2 protein chains.
Amino acid sequence: MAVLVVGSVAFDGIQTPSGKVESVLGGAATYFSLAASFFTDVRVVAVVGDDFTAEDEAVMGRRGIDTSGIERAKGKSFFWVGEYGDNLNEAKTLRTDLNVFEKFNPQIPKDFLKTEYLFLANIDPVLQSSVRRQMKDAQLVGGDTMNYWINSKPKELAETLKGVDILLINDTEARMLGGKSSLPRAAQKILTMGPRVLVIKHGEYGATAFFREAGLHPFRAPALPIEEVVDPTGAGDSFAGGFMGYIASQPELNREVLKRAMFYGGVMGSFAVERFGTQRFHDLSRAEIDARFQLFRELSHLD
Amino acid sequence: MAVLVVGSVAFDGIQTPSGKVESVLGGAATYFSLAASFFTDVRVVAVVGDDFTAEDEAVMGRRGIDTSGIERAKGKSFFWVGEYGDNLNEAKTLRTDLNVFEKFNPQIPKDFLKTEYLFLANIDPVLQSSVRRQMKDAQLVGGDTMNYWINSKPKELAETLKGVDILLINDTEARMLGGKSSLPRAAQKILTMGPRVLVIKHGEYGATAFFREAGLHPFRAPALPIEEVVDPTGAGDSFAGGFMGYIASQPELNREVLKRAMFYGGVMGSFAVERFGTQRFHDLSRAEIDARFQLFRELSHLD
């Protein structure tokens, strides 16, 4: 079944210990949709400016992604400039130009309203809730958020969370949202807010899924020990794309599918960081993905 | 086969968000030997003062640990006082009284010289090397160290590392010893210094084993998501005890044994932190250990 993602399509300027790029295609919805496109049909709803070229669109088009929901607005696309030091887990933001993104008010095209799987990438929770209302028949809703919204719009975010089945956030966000320094306790708290599954992404240490249902143990997926992380930008969104894309490709969501989805999420995150921007996804094959899935299994399984 | 550990037997004063103890039995060799004792015969070489009572010794004795190598010296035992805040990965040391430990010069009793497995717990690398020379027939040598020695005695530590087969250290120590911020790169560097296996302990995120042998993938073991870490003291030493103890209990060291040892290490670390000091080990059973091993498998395995 198909997955619809609503979020940012942007340009990024990125500096890491491995090099520098002035402006490459980026944005949460871009990474998500490219990663998910290896598993299922993907539809994107976003807004871009005049600087978004046919070639940029073709990056998604060549992966079969439906870009007809990308709105063109007068002005420039969302532009972010960030720098990573030796700690590749944290970007220092040097510049954020919201540009056309500032007035983004996502309207889901009629053709997309029946999409079974929905992912609310990290945008203003007010907009996430608006999308959720438009997509009231969605079978499964994944979501993301960030510290900025947790701090500045807690009520609006609480509203959004009521409509999210699976929330994917990182350690810092989980601690802040759950208000606890212990991750399992933060997870317990968050699982009372709406989501029935919480996936906490630990960067180079993998990810843990916590479940609301009583008696269900958490599940931990590894990450690949990567010698040179060229550019960590988009790793979390790529994880979400692999995770949701795999789930959408399966006939039903059971525990085994969710576990595999955690692995595929880690796999797609591990590819994302191998090159600047979304480049690694441009010529990636499903065979490479499955080989890395096997590697993740070898890395973590007994017998 | 038996394992011999050389290191500190001490008393600890510990404050954590869960409570406070003024003085409990602790020390790397104590945690190590208690954890290892569930798998194999354990011999301890250490020094203690007059304050080390028959009851303290009985904590080890009841677990079948051979304490005849614990030297009694005039004065007080090593005493450490530390405090943990919300970040349970890092202790703030409030007091370190080396006491009798200051003149510790480990002499391995004649009966112990043929012990097959040796663990050099975290002490001065000069002493570690001296022990290693005395135990020249040891079949397999595990070791630990810390930032203090990495900084203050790099040459002496380099000498020690030449005689260590498996080094077990944490993330910060690995980055410092390897001189690289990327853990896989730091691991590569460390694996040129002597050890053929490097186990990097990631605290609540588990641990990764890296191998010197070309073409061998790393192996990642999970840690248990624990709601309340009562006292993290000794978790790393307990990991090492479970790890080395399990290896010593097996007829040979192959990759499958090493993978299981990583799991047993995590299991013993997860028990250690459930209560203050070594308490959790006093009435622990092998059945509980094996049940938790199965839980670790469920937490991390597909299918």
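This text goes with the structure placed above it.
Keep in mind it's a predicted model, so treat the numbers as computed, not measured.

K.L.:
Before we go on, may I ask you to explain the interface of chain A and chain B in this structure?
P.N.:
Across the boundary between the two partners, chain A contributes 39 residues, which contact 39 residues of chain B. Overall, the association of chain A and chain B removes approximately 3,500 Å² of surface from exposure, summing both partners, and the carbon and sulfur fraction of that is 50%. When the buried surface of chain A facing chain B is broken down by residue, Tyr205, Arg220 and Leu302 of chain A rank first, second and third, together holding 24% of it. Summed over the shared surface of chain A and chain B, the result is 8 salt bridges. Glu228 of chain B is the partner of Arg185 of chain A in a salt bridge, and the nearest nitrogen-oxygen pair spans 3.5 Å. Summed over the shared surface of chain A and chain B, the result is 24 residue pairs in polar contact (both at pLDDT 80 or more).

K.L.:
Any chance you could explain the sheet that holds strand 4 (residues 42–48) of chain A here in plain terms?
P.N.:
Within a beta sheet, neighbouring strands are joined by backbone hydrogen bonds and run either parallel or antiparallel to one another. Residues and elements named next belong to chain A. Spatially, 9 strands are ordered 5-4-1-8-9-10-11-12-13 in an open sheet, and the strand pairing comes out mixed. Because the sheet does not close on itself, it has two edges, and the strands there are strand 5 (66–72) and strand 13 (219–221). Pairwise comparison of adjacent strand axes, ignoring direction, gives a mean angle of 15 degrees for this sheet. Here strand 4 runs beside strand 5; their pairing, made up of 5 bridges, is parallel. When the sheet's bridge partners are listed, Val45 is paired in strand 5 with Gly69.

K.L.:
For this particular structure, what's the right way to read the relation of the copies chain A and chain B?
P.N.:
Both copies of the chain are related through a single rotation about an axis accompanied by a shift along the same axis. Once chain A has been moved 0.0 Å along the axis and rotated by 180 degrees, it coincides with chain B to within an RMSD of 0.0 Å. The superposition operator between the copies reduces to a two-fold rotation axis. Here 100% of the contact residues of chain A are again contact residues in chain B; the copies associate through an equivalent surface.

K.L.:
Help me understand the sheet that holds strand 6 (residues 78–84) of chain A in this model?
P.N.:
All names here are of chain A. Sheet architecture is open: 4 strands sit in the order 3-2-6-7, paired in mixed fashion. The open sheet has two edge strands, strand 3 (19–26) and strand 7 (91–97), and neither has a second partner. Averaged over all neighbouring strand pairs, the angle between strand axes comes to 15 degrees, with direction disregarded. Across 6 bridges, strand 6 lies against strand 7 in antiparallel orientation. Across the sheet, the residue bridging to Val81 is Arg95, located in strand 7.

K.L.:
Please explain the pairing of strand 6 of chain A as it appears in this structure.
P.N.:
Consecutive side chains along a regular strand alternate between the two faces of the sheet. Residue and element names in this part refer to chain A. For strand 6, the tally of buried residues reaches 6 of 7 residues, placing the bulk of the element in the interior. Note that strand 2 (residues 10–16) and strand 6 share 6 bridges and pair parallel. Looking at the pairing, Asp12 lines up with Trp80 of strand 6. The turn joining strand 6 and strand 7, which pair antiparallel and follow one another in sequence, is formed by 6 residues.

K.L.:
Which parts of the structure should I look at to understand the side chain of Gln128 of chain A?
P.N.:
All names here are of chain A. Mapped onto the elements, Gln128 comes out in helix 3 (residues 125–134). Relative accessible area serves as the criterion here: at 2%, Gln128 is assigned to the buried category. Among residues more than four places away in sequence, those in contact with Gln128 are Leu120, Ala121, Asn122, Ile123, Asp144, Leu157 and Thr160.

K.L.:
What is the right way to look at the packing of aromatic side chains in this model?
P.N.:
The description of an aromatic ring pair uses the distance of the two centres, along with the angle that the planes make with each other. All names here are of chain A. Per the counting criterion, the structure on display carries 28 aromatic pairs over all chains. Between Phe78 and Phe101, the ring centres sit 5.0 Å apart and the planes meet at 20 degrees, which makes this aromatic pair stacked. Of this pair, Phe78 sits in strand 6 while Phe101 is found in the loop between strand 7 and strand 8 (117–120), placing the two residues 23 residues apart along the sequence. Accessibility expressed as a relative area gives 14% for Phe78, which makes it buried. An aromatic cluster is built from Phe39, Phe219, Tyr246, Phe263, Tyr264, Phe293 and Phe296, whose rings are joined through pairwise contacts. For Arg292, the ring lying beneath its charged end belongs to Phe271, and the centroid distance is 3.9 Å.

Conventions adopted
- Residues numbered from 1 in each chain as written.
- Chains lettered and ligands numbered in written order.
- Predicted model: local features only at pLDDT ≥ 70, side-chain atom pairs only at ≥ 80, totals over all residues.
- Heavy atoms only, no water.
- Contact = heavy atoms within 4.5 Å.
- Buried area = accessible area lost by both parts, 1.4 Å probe.
- Salt bridge = Lys/Arg side-chain N within 4 Å of Asp/Glu carboxyl O.
- Polar contact = N/O pair within 3.5 Å; in protein donor to acceptor, adjacent residues only side chain to side chain.
- Pairing = 2+ DSSP bridges.
- Helix = DSSP H or I, 4+ residues; strand = E, 2+ residues; numbered from the N terminus.
- Axes fitted to C-alpha atoms, helices over the stretch in contact; angles between N-to-C directions.
- Least-squares fit on C-alpha atoms with pLDDT ≥ 70 in both.
- Buried < 20%, exposed > 50% of the residue type's maximum accessible area, 1.4 Å probe, protein only.
- Phe/Tyr/Trp six-rings, centres within 6.5 Å; stacked < 30°, edge-to-face > 60°.
- Lys NZ or Arg CZ within 6 Å of the ring centre and 35° of its normal.

Taken by themselves, the reported measurements are silent on function.
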